[in-house]
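Read off the chains here:
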Amino acid sequence: EIRDTLAAYIPLLAALNEHFSAASNNAALLTNSDWRVEVTREIAALKTNDAHVRSSTPPAQLNDAQAGLLQMVDHYDTVATLTTNVLDTASADQLQAAIKEMNLGVTAMQQAAAKFK
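A quick note: this is a predicted structure, and the numbers were derived from the prediction, not measured. (Residues numbered from 1 in each chain as written. Predicted model: local features only at pLDDT ≥ 70, side-chain atom pairs only at ≥ 80, totals over all residues. Heavy atoms only, no water.)

Considering the packing of helix H1 (residues 2-25) against helix H3 (residues 63-89)
As a packed pair, H1 and H3 sit with axes 13 Å apart at the nearest point and diverge in direction by 35°. Classified by chirality, the crossing of H3 by H1 is left-handed. Every residue of H3 that contacts H1 at Ile2, Leu6, Tyr9, Leu13 and Phe20 is listed here: Leu69, Met72, Val73, Tyr76, Val79 and Thr83. The residue inventory of the contact of H1 with H3, partitioned by class, reads ten nonpolar, one polar and no charged. (Axes fitted to C-alpha atoms, helices over the stretch in contact; angles between N-to-C directions. Helix = DSSP H or I, 4+ residues; strand = E, 2+ residues; numbered from the N terminus. Left-handed = near helix turned anticlockwise from the far one by under 90°. Contact = heavy atoms within 4.5 Å. Nonpolar A, V, L, I, M, F, W, Y, C, P; charged D, E, K, R; others polar.)

Spelled out as structure tokens, the structure:
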């Protein structure tokens, strides 16, 4: 079950990365309605995935992996908050902070996923 949740992050993070990268290269996208709608949808899905991870109770032998997943979720929750700020203010600085936080979340996810093997 948790593996399915982790797998759901992959296309979502790829889409966010694409949108963040595009806006980093073209700040006008920060006020583009299509970009904003897509990013809003992706952040909603990110929050849903995060809530699922937080509510899961893995077997005891996966407690270390779960701790890593909770670190990941903390980073992604921060991404959601920062991105909401970006949508409210069109701040390139907030976008860069969201990108940094997303990268930290990806690293935490990779470390946690390695513990499932």
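A look at the pattern of salt bridges
Summed over all chains, the structure comprises four salt bridges. Here Asp74 ties to Arg54 by a salt bridge, and the two come within 2.7 Å at their closest N and O atoms. A residue pair is termed long-range when its members are at least 10 positions apart, and Asp74 in helix H3 and Arg54 in helix H2 (residues 33-55) qualify at 20 residues. Its relative accessible area of 40% is what places Asp74 among the partly exposed residues. You can call Arg54 partly exposed: its relative accessible area is 40%. What you see here is one network of salt bridges that share partners, running through Glu38, Arg41 and Glu42. (Salt bridge = Lys/Arg side-chain N within 4 Å of Asp/Glu carboxyl O. Buried < 20%, exposed > 50% of the residue type's maximum accessible area, 1.4 Å probe, protein only.)

As for the side chain of Thr83
Checked against the element boundaries, Thr83 lands in helix H3. Setting aside chain neighbours within four positions, we find Thr83 in contact with Phe20, Val39, Ile43 and Ala98.

Comments concerning H2
Residue pairs spaced three or four apart in an α-helix point in one direction, given the helix's 3.6 residues per turn. With 23 residues, H2 should reach 33 Å at 1.5 Å per residue; the first-to-last C-alpha distance of 33 Å fits that figure. Every buried residue of H2 is accounted for by Trp35, Val39, Glu42, Ile43, Leu46, Asn49, Asp50 and Val53. Looking at the packing, one finds that the buried side of H2 touches H1 and H3. The backbone nitrogen of Asp34 lies 2.9 Å from a side-chain oxygen of the residue at the head of H2, namely Asn32. (Expected span 1.5 Å × (residues − 1). Polar contact = N/O pair within 3.5 Å; in protein donor to acceptor, adjacent residues only side chain to side chain.)

Description of H3
Compared with the 39 Å implied by 1.5 Å per residue over 27 residues, the 39 Å span of H3 between its first and last C-alpha is a close match. Looking one or two places after H3, you find Ala90, whose phi comes out positive at around 55°.

Topic: the environment of Asp34
Locating Asp34 in the fold gives a position in helix H2. Here the alpha-carbon distance between Asp34 and Met72, two residues 38 residues apart in the chain, equals 28 Å.

Examining the packing of aromatic side chains
Overall, the coordinates contain one aromatic pair when judged by the stated rule. Taking the centre distance of 5.3 Å and the plane angle of 35° together, the rings of Tyr9 and Tyr76 count as tilted. Residue Tyr9 is located in helix H1, and its partner Tyr76 is located in helix H3; the two are separated by 67 residues in the primary sequence. Residue Tyr9 shares its accessibility class with Tyr76, and that shared class is buried. (Phe/Tyr/Trp six-rings, centres within 6.5 Å; stacked < 30°, edge-to-face > 60°.)

Description of the nonpolar core
Tyr9, Phe20, Trp35, Leu46, Leu69, Met72 and Tyr76 are the most contacted members of the largest nonpolar core, which has 34 residues in total. If you tally residues by element for this core, the top one is H3, at ten residues. Each residue touching Met72, except ones within four places of it in the same chain, is listed here: Leu6, Tyr9, Val53, Gly105, Ala108 and Met109. (Core = buried A, V, L, I, M, F, W, Y, C linked by side-chain atoms within 4.5 Å.)

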